[in-house]
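As a plain string of letters, each chain reads:
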Amino acid sequence: MPLWLDLTVRVVAVVAAFLVLPLVVGQAEHKVMAHMQGRLGPMYAGAFHGWAQLVADGVKFVQKEDITPRDADRRVFQLAPLVALFPYLIVLLAIPLGPGGLVAQALDMGLFFVLAVLGVGVVAVLMSAWASANKYSLLGGLRGAAQLLGYELPLVLSAASVAMAAGTLSLPGIVEAWSPWWLLWQAPAALVFFISGLAEIRRPPFDMPIADSELVFGYMTEYSGLRFAFFLLAEYVGIVVIAALTTVLFLGGWHGPAAEHLGWLWTLLKVFAVSFVIIWLRVTYPRLREDQLQRLCWLVLVPVALGQLVLTAAVKVAL
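Scoring rules and cut-offs
Residues numbered from 1 in each chain as written. Predicted model: local features only at pLDDT ≥ 70, side-chain atom pairs only at ≥ 80, totals over all residues. Heavy atoms only, no water. 1 Å grid on protein atoms, 1.4 Å probe; cavity = no way out; pocket = protein on both sides within 12 Å on 5 of 7 lines; lining within 4 Å. Points joined across faces, edges and corners; volume = space filled by probe spheres on them. Helix = DSSP H or I, 4+ residues; strand = E, 2+ residues; numbered from the N terminus. Nonpolar A, V, L, I, M, F, W, Y, C, P; charged D, E, K, R; others polar. Axes fitted to C-alpha atoms, helices over the stretch in contact; angles between N-to-C directions. Parallel < 35°, antiparallel > 145°, perpendicular 65-115°, else oblique. Left-handed = near helix turned anticlockwise from the far one by under 90°. Contact = heavy atoms within 4.5 Å.

Enquirer: Looking at this structure, I do not really get empty space enclosed by the protein. What am I missing?
Expert: Scanning all chains against the criterion turns up 2 cavities of 30 Å³ or more. What the largest cavity holds in volume is close to 90 Å³. Around the largest cavity sit A84, Y88, I201, R202, I210, Y219, M220, F231, A234 and E235, which together line it. Sort the elements by how many residues they give to the lining of the largest cavity and helix α12 (residues 225-250) lands first, with 3 residues. Per-class residue counts for the lining of the largest cavity are 8 nonpolar, no polar and 2 charged. The calculated volume of the second largest cavity comes to roughly 60 Å³.

Listed below in structure tokens is the structure:
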């Protein structure tokens, strides 16, 4: 296959996954929350098990008027939703789906690249908060910045543990080096990474930057129409990305029966299983207070991640 055609196929596949997988997760969230909370609408919209609920939401967002506040910084205000969405598209390029080079771009420094790009999310939060010219938005943005900058540390430390265990920063290399006993050995790092990832994408119970009971809707208060929909889409893509990284780093990625032929299927199944847990946590746990959120980060997750890093180094030296 010519190089240009190979690149085109890979990019189109990533864009298709970028557009389809978040919608599947969004539809799943409607159904899971409907079952857990007894919501009738998402169960019956469009007859068969509420299949049209996502379509109805899309039509609703398209019909809403797109408003920019008079005192807002118009260009920054309008650009922020795209900045929130774009890093996740870049991250998907480096996440392997299966063996045999089934990845858009295999990077030797893939883990470093992914973690660096994920950090751009705080820029979108600050852009939307500052440009909205709204005090509730600004408070939400400041909360978001404090949360994202704090949880970056345990996220990176836990990822460093599994990279040290594998002896590589390549995401396909980490999956190839994975063995089942890592489920026990790297379990603390996996838990820290997963919790920190939830905080990074501001999912409940780590949604203090939004906190609708206190800040209207935080940094998204002044957004409406498709720009608000872009923020929601960024949240669902974030779920897919965090679930995919958890799968690749800690759950063995494509490892499973007949992995040579069905590796991509095992990866997707694990990603959707982790996504279900993320949705389940939203329904189950109440929002953390700001002091609880920071205490969990600095007094629990960071020490556990550091301890796991020391344990991994000791095991690698011993072996």
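Enquirer: Would you mind showing me how to read the packing of helix α4 (residues 74-92) against α12 here?
Expert: Two quantities define a packed helix pair, namely the angle between the helix axes and the distance between the axes. Following both chains from N to C, one finds α4 and α12 inclined at 20°, their axes separated by 9 Å at the closest point. It follows from the interaxial angle that α4 and α12 lie roughly parallel. Where α4 crosses over α12, the handedness of that crossing is left-handed. Taken together, the residues of α12 that come into contact with α4 (itself represented by Q78, A80, P81, L82, A84, L85, Y88, V91 and L92) are R227, F230, F231, L233, A234, V237, G238 and V241.

Enquirer: How should I be thinking about the packing of helix α10 (residues 187-200) against α12 in this particular structure?
Expert: One way to put it is that α10 packs onto α12 with a least axis distance of 10 Å and a crossing angle of 170°. Considered as vectors, α10 and α12 are oriented roughly antiparallel to each other. For the crossing formed where α10 meets α12, the hand is right-handed. Here A189, A190, F193, F194 and G197 of α10 lie close against α12, whose contacting residues are I242, L245, T246, L249 and F250. The residue inventory of the contact of α10 with α12, partitioned by class, reads 8 nonpolar, 2 polar and no charged.

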